[in-house]
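Spelled out, the chains give:
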Protein chains: 2
Amino acid sequence: MTAEATPLPVRATLEDVARTAGVSLATVDRVINRREGVRAKTVARVEAAVAKLGYRADIAAARLARGQSFRFAFVLPTGGNSFMTNLTEQVRHTAEWLAGQRGFIDIIHVDVFDPDVLAGALETLSPAYQGVAVIALDHPRVRAAIDELSARGVAVVTLVSDAPSSRRLHYVGIDNPAAGRTAATLMGRYLGGQEGTVAVIAGSLSLRDHAERQFGFSQILSSEYPNLRALPALEGRDDSERTRELTATLLARHGDLRGIYCCGAGNRGIADALEASGRAREVVWITHELTQHTRRFLVRGTCDAIINQDPGHEARSAARVLLAHCSGEPISPDQERIRIDIFLRDNLP
Amino acid sequence: MTAEATPLPVRATLEDVARTAGVSLATVDRVINRREGVRAKTVARVEAAVAKLGYRADIAAARLARGQSFRFAFVLPTGGNSFMTNLTEQVRHTAEWLAGQRGFIDIIHVDVFDPDVLAGALETLSPAYQGVAVIALDHPRVRAAIDELSARGVAVVTLVSDAPSSRRLHYVGIDNPAAGRTAATLMGRYLGGQEGTVAVIAGSLSLRDHAERQFGFSQILSSEYPNLRALPALEGRDDSERTRELTATLLARHGDLRGIYCCGAGNRGIADALEASGRAREVVWITHELTQHTRRFLVRGTCDAIINQDPGHEARSAARVLLAHCSGEPISPDQERIRIDIFLRDNLP
DNA sequence: CTGTTAGCGCATTCAT
DNA sequence: ATGAATGCGCTAACAG
């Protein structure tokens with residue numbers, strides 16, 4: 001099979017199309033960008049020329065000529081856990097990249113866990129922003145703030161945590177019930193047919209993502225693994241110390257504790273309690289988000305699997321979706337779908 | 001926390017820099033692009049201006065002015081299995097995207113499994129290509145062909161299957177030994193402490209990726225799960241019918257068969273044999289690549305886990321790496337690392 | 001309805 | 001060692 005001798009790599013320009021269609025640049029532009037006021041006959045001539053020459057617009061030139069630039073706000077939590085720190089870092093990288101594409105990102109830190117504060121921040125956002133990405137809360141005031149931004153023509157994407165009934169353009173994040181189900185399947189399979197108790201620790205069940213994970217987890221565990229009994233979810237407030245105490249109590253109280261599913265943060269507390277108890281190897285512990293800490297626990301064997309969402313992918317995806325929307329380009333859903341990653345010690349990146 | 005009132009979203013241009021540095025456009029350009037022939041003092045002045053204004057080059061404008069375009073060849077297998085079909089499709093999508101960035105991809109189909117044919121195709125490749133992505137074979141003649149292309153200044157990336165000792169620029173694909181280890185851990189954990197036999201079916205052990213997966217798998221299985229005995233790998237030549245026969249024989253011969261790891265293709269044969277035997281539910285089957293077929297087997301419960309590499313990501317990554325190299329831009333390794341995905345029925349995309 | 005024209009921000013001759 | 005001028009391919013006024 002010989003490689004075909006490749007001909008000229010010349011690319012047709014708008015001028016070429018104009019010439020072969022026998023019209024002017026402006027007319028071609030009108031046809032290409034589907035603007036009004038061109039006779040059907042002319043449209044046809046231009047389209048024929050486009051087809052004949054295989055014309056594709058040079059998007060760099062188009063962007064340059066259009067001269068528009070974009071300004072986006074990313075509303076992220078103040079402080080926050082390792083995952084949020086990673087996410088912030090990735091948003092910074094993305095900002096750097098976007099700056100080359102005439103897009104500017106401001107990172108605005110607020111206490112995203114307080115609905116009033118979050119809503120307030122959204123309400124007072126500078127009108128200079130054409131788009132905002134926000135770690136949302138599914139709360140009436142937040143929804144209202146998002147809807148008002150949308151009504152003002154601002155593109156809003158929710159990031160990591162959704163506000164499904166709002167008028168946000170797009171949600172960038174994982175399917176949390178599915179993530180919970182994934183954890184449950186892994187837990188059920190790892191425990192084989194063993195009988196026993198499984199604990200669920202969330203940060204707060206009023207956080208939609210935590211609640212959804214818990215829901216998905218319990219659903220599969222109870223329907224598919226009747227040998228395992230899931231305890232009611234405990235709330236560790238994403239705080240390591242509090243989570244450590246909860247875990248220690250759990251271990252003391254339930255001699256038949258076979259597994260722990262943590263659908264929030266505070267993982268250092270779980271690791272401490274588990275390792276202190278001497279039962280780290282026999283208890284299957286599954287948690288969320290790959291961080292420097294959870295990675296260590298996984299490698300060490302204390303943790304058995306990590307369900308992850310890639311903050312780099314999420315940051316880039318949010319920026320791409322916002323940019324595409326604001327410049328009227330399509331997005332490829334395939335590329336923007338955030339995966340539910342499963343990490344074992346063997347496939348760590 | 002109120003959102004800061006955002007000031008002017010104006011972006012500094014080269015002209016701005018030139019003006020505040022009191023020099024001409026050309027001089028700024030020389031400094032920015034680290035060209036020779038500028039007095040140190042002038043360089044300093046320009047750099048100060050750049051820093052002061054926070055200047056970032058507009059990459060759209062730069063690309064346009066440079067006016068260079070790129071032509072890449074993707075060498076893919078003729079025919080091929082579902083995975084390869086998906087990959088080809090994704091390369092087509094990528095080509096469409098690249099066309100907007102002055103990059104052109106030609107897909108060249110060859111029998112990549114024959115080293116001589118593959119090497120021949122590479123050797124006779126039109127010199128019009130600045131880059132080529134190839135599903136490599138780790139064979140002396142192929143290596144030599146890759147090295148010669150590299151010597152001619154052509155950027156070569158290997159795709160999915162590597163030729164590690166060649167002078168390729170970059171490998172776009174997963175870490176196959178790690179993928180095998182991942183499968184082994186899953187297999188070991190799913191089988192709990194059960195004693196028994198585990199079969200390994202490869203397409204061909206002379207394919208480097210298959211061999212590496214098999215290696216990783218056996219390594220972990222024998223060191224961590226002494227209760228399981230891995231049979232010597234069988235070769236199904238990625239052919240469903242042949243693989244079906246192998247599987248049927250395996251099932252008939254080994255009453256204690258607990259698991260099957262397929263590190264190649266031919267999955268439909270495995271599913272058929274497994275389902276015909278009535279032991280589909282008790283035998284743990286782990287395979288590679290998410291396709292329309294393997295997805296069905298996973299949902300149905302015949303297959304227990306799929307180790308996957310994302311062909312869309314791979315196609316885009318290859319194109320990005322080639323483009324970045326040819327236009328002297330850096331790549332972000334983080335984004336180009338191909339993940340070893342694990343899919344259970346719960347986290348299917 | 002259609003054509004002319006002037007940039008967009010940068011790279012690149014060619015002068016000086 | 002530095003500057004002035006030209007054009008990349010396209011969009012958007014503005015004319016006709």
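Quick notes on the rules
Residues numbered from 1 in each chain as written. Chains lettered and ligands numbered in written order. Predicted model: local features only at pLDDT ≥ 70, side-chain atom pairs only at ≥ 80, totals over all residues. Heavy atoms only, no water. UniProt positions renumbered as here; feature names shortened; annotations may be inferred. Helix = DSSP H or I, 4+ residues; strand = E, 2+ residues; numbered from the N terminus. Buried < 20%, exposed > 50% of the residue type's maximum accessible area, 1.4 Å probe, protein only. Contact = heavy atoms within 4.5 Å. Salt bridge = Lys/Arg side-chain N within 4 Å of Asp/Glu carboxyl O. Polar contact = N/O pair within 3.5 Å; in protein donor to acceptor, adjacent residues only side chain to side chain. pLDDT = per-residue confidence, 0-100. Near = heavy atom within 4 Å. Nonpolar A, V, L, I, M, F, W, Y, C, P; charged D, E, K, R; others polar. Core = buried A, V, L, I, M, F, W, Y, C linked by side-chain atoms within 4.5 Å. Pairing = 2+ DSSP bridges. Axes fitted to C-alpha atoms, helices over the stretch in contact; angles between N-to-C directions. Phe/Tyr/Trp six-rings, centres within 6.5 Å; stacked < 30°, edge-to-face > 60°. Least-squares fit on C-alpha atoms with pLDDT ≥ 70 in both.

The name given to chain A in an unreviewed UniProt entry is LacI family DNA-binding transcriptional regulator, with Bradyrhizobium aeschynomenes as the source organism.

Asker: Give a detailed account of the UniProt feature "domain: HTH lacI-type" (unreviewed entry) in chain A, specifying residues and quantitative values.
Answerer: The sites that carry the UniProt feature "domain: HTH lacI-type" (unreviewed entry) are, in the present numbering, residues 12-66 of chain A. Helix makes up 69% of residues 12-66 of chain A and strand 0%. Its end C-alpha atoms lie 20 Å apart.

Asker: Lay out unusual backbone geometry in plain terms, naming residues and giving numbers.
Answerer: Residues and elements named next belong to chain A. The backbone of R102 sits at a positive phi, close to 60°, despite the residue not being glycine. Within the fold, R102 resides in the loop between α5 (82-99) and β2 (103-110). According to the relative accessible area criterion, R102 is buried, its value standing at 13%. Even without being glycine, E289 reaches a positive phi, approximately 70°. Within the secondary structure layout, E289 lies in the loop between β10 (284-288) and α12 (292-300).

Asker: Explain the interface of chain B and chain A to me, and be specific about the residues and the numbers.
Answerer: Taken together, the contact between chain B and chain A spans 63 residues of the former and 62 residues of the latter. Inspection of the chain B/chain A interface yields eight salt bridges. Of the charged contacts, one joins D341 of chain A and R339 of chain B as a salt bridge, the two residues approaching to 3.4 Å between their closest N and O atoms. Taken together, the links from chain B to chain A amount to 18 residue pairs in polar contact (both at pLDDT 80 or more). Going through the elements one at a time, α4 (59-66), α5 (82-99), β2 (103-110), α8 (176-190), α9 (208-224), α14 (333-336) and β12 (341-343) of chain B are the ones with two or more residues in the side of chain B that touches chain A.

Asker: Residues and numbers for the confidence of the model for chain A, please.
Answerer: Of all residues in chain A, 97% have pLDDT values of 70 or greater, and the mean over the chain is 93. Low pLDDT (under 50) marks residues 1-8 of chain A, which in the prediction has 18 contacts with non-local residues, meaning those over four places away or in another chain.

Asker: Tell me about the protein's contact with DNA strand D, and please be specific about residues and values.
Answerer: Surrounding DNA strand D, one finds 26 residues, the nearest of these being L14, D29 and Y55 of chain A together with R30 and T42 of chain B. Here DNA strand D approaches the protein such that, of its atoms within 4 Å, sugar and phosphate make up 67%. At a separation of 2.9 Å, a phosphate oxygen of DNA strand D approaches a polar side-chain atom of T27 of chain B. Elements that contribute at least two residues to the surface near DNA strand D include exactly α2 (25-32) and α4 (59-66) of chain A together with α2 (25-32) and α4 of chain B. In terms of residue count, α4 of chain A provides more of the surface near DNA strand D than any other element does, four residues in total. In terms of residue class, the surface near DNA strand D is built from eleven nonpolar, seven polar and eight charged.

Asker: Can you tell me about the nonpolar core, naming the residues and giving the values?
Answerer: Counting 104 residues, the largest nonpolar core has F74 and L186 of chain A together with F74, L159 and L186 of chain B as the members making the most contacts within it. Contacts of F74 of chain B, omitting those with residues within four sequence positions, involve V91, I105, D106, I107, I108, A133, L159, A315, A318, A319 and L322 of chain B.

Asker: Got a sec to walk through the sheet that holds strand β5 (residues 170-172) of chain A? Specific residues and values, please.
Answerer: Strand pairing in a sheet takes place through backbone hydrogen bonds and is either antiparallel or parallel in direction. Residues and elements named next belong to chain A. The parallel open sheet is built from five strands, whose spatial order is β2-β1-β3-β4-β5. Edge positions in the open sheet fall to β2 and β5, since each of these has one partner strand only. When the angles between neighbouring strand axes are averaged without regard to direction, this sheet yields 20°. Bridge analysis of strand β1 (residues 70-77) against β2 gives eight bridges, and the strand direction is parallel. Bridge pairing in β2 links F72 to I105. The strands touched by helix α13 (residues 311-326) within the sheet are β1, β3 (131-134), β4 (155-159) and β5, with β1 carrying the most contacts at an inclination of about 145°.

Asker: Pulling in residues and values, what's your account of the sheet that holds strand β1 (residues 70-77) of chain B?
Answerer: All names here are of chain B. The parallel open sheet is built from five strands, whose spatial order is β2-β1-β3-β4-β5. If you trace the sheet from one side to the other, it starts and ends with β2 and β5 (170-172), each paired once. In this sheet, neighbouring strand axes are inclined to one another by 20° on average, regardless of whether the strands run parallel or antiparallel. Set on the sheet, α5 makes contact with β1, β2 and β4 (155-159); between it and β2 the angle comes to about 160°.

Asker: Break down the protein's contact with DNA strand C for me, with residues and values.
Answerer: Every one of the 26 residues lining DNA strand C counts as a neighbour, but R30 and T42 of chain A together with L14, D29 and Y55 of chain B are closest to it. A breakdown of the atoms of DNA strand C within 4 Å of the protein gives sugar and phosphate a share of 65%. One of the backbone nitrogen or oxygen atoms of A61 of chain B is found 3.4 Å away from a base nitrogen of DNA strand C. Elements supplying a minimum of two residues to the surface near DNA strand C: α2 and α4 of chain A together with α2 and α4 of chain B. It is α4 of chain B that contributes the most residues to the surface near DNA strand C, four residues altogether. Looking at the surface near DNA strand C residue by residue, the class counts come to twelve nonpolar, six polar and eight charged.

Asker: Can you explain the packing of aromatic side chains? Please cite residues and give values.
Answerer: For any pair of aromatic rings, the description rests on two quantities: the centre-to-centre distance and the angle between the ring planes. Within the structure shown, the criterion is met by seven aromatic pairs over all chains. Ring centres of F70 of chain A and F72 of chain A lie 6.2 Å apart, and the angle between their planes is 15°; this geometry places the pair in the stacked category. Residue F70 of chain A is classed as buried on the basis of its relative accessible area of 5%. Note on W285 of chain B and F297 of chain B: the rings are 5.8 Å apart at their centroids and 35° apart in plane angle, and the pair reads as tilted. You can see W285 of chain B sitting in strand β10 (residues 284-288) and its partner F297 of chain B sitting in helix α12 (residues 292-300), a full twelve residues away along the chain.

Asker: Describe the relation of the copies chain B and chain A, listing the residues and the values that go with them.
Answerer: Rotating chain B by 180° and translating it 0.0 Å along the rotation axis places it on chain A, where the RMSD comes to 0.1 Å. Interpreted geometrically, this transformation is the action of a two-fold axis. When C-alpha distances to the rotation axis are compared across chain B, the minimum falls at A60 of chain B, with a value of 2.2 Å. A symmetric contact is evident, with 98% of the interface residues of chain B recurring at the interface of chain A.

Asker: Any details on the environment of I220 of chain B? Residues and values, ideally.
Answerer: Along the chain, the position of I220 of chain B falls in helix α9. Classification of I220 of chain B as buried rests on a relative accessible area of 12%. Sequence spacing of I220 of chain B and A183 of chain B is 37 residues, and the spatial spacing of their C-alpha atoms is 9.2 Å. Setting aside its immediate chain neighbours within four residues, I220 of chain B contacts D346 of chain A together with R181, A184, T185 and Y225 of chain B.

Asker: Before we move on, can you summarise the pattern of salt bridges with the specific residues and values?
Answerer: This model, assessed by the stated rule, comprises 40 salt bridges over all chains. The partner of D310 of chain B in a salt bridge is R339 of chain A, and the shortest N-O contact between them spans 2.9 Å. Of this pair, D310 of chain B sits in the loop between β11 (305-308) and α13 (311-326) while R339 of chain A sits in the loop between α14 (333-336) and β12 (341-343), placing the two residues on different chains. The class of D310 of chain B is buried, set by a relative accessible area of 15%. Here the salt bridges share partners, and the residues they tie into one network are D138, R143, R208 and E212 of chain A.

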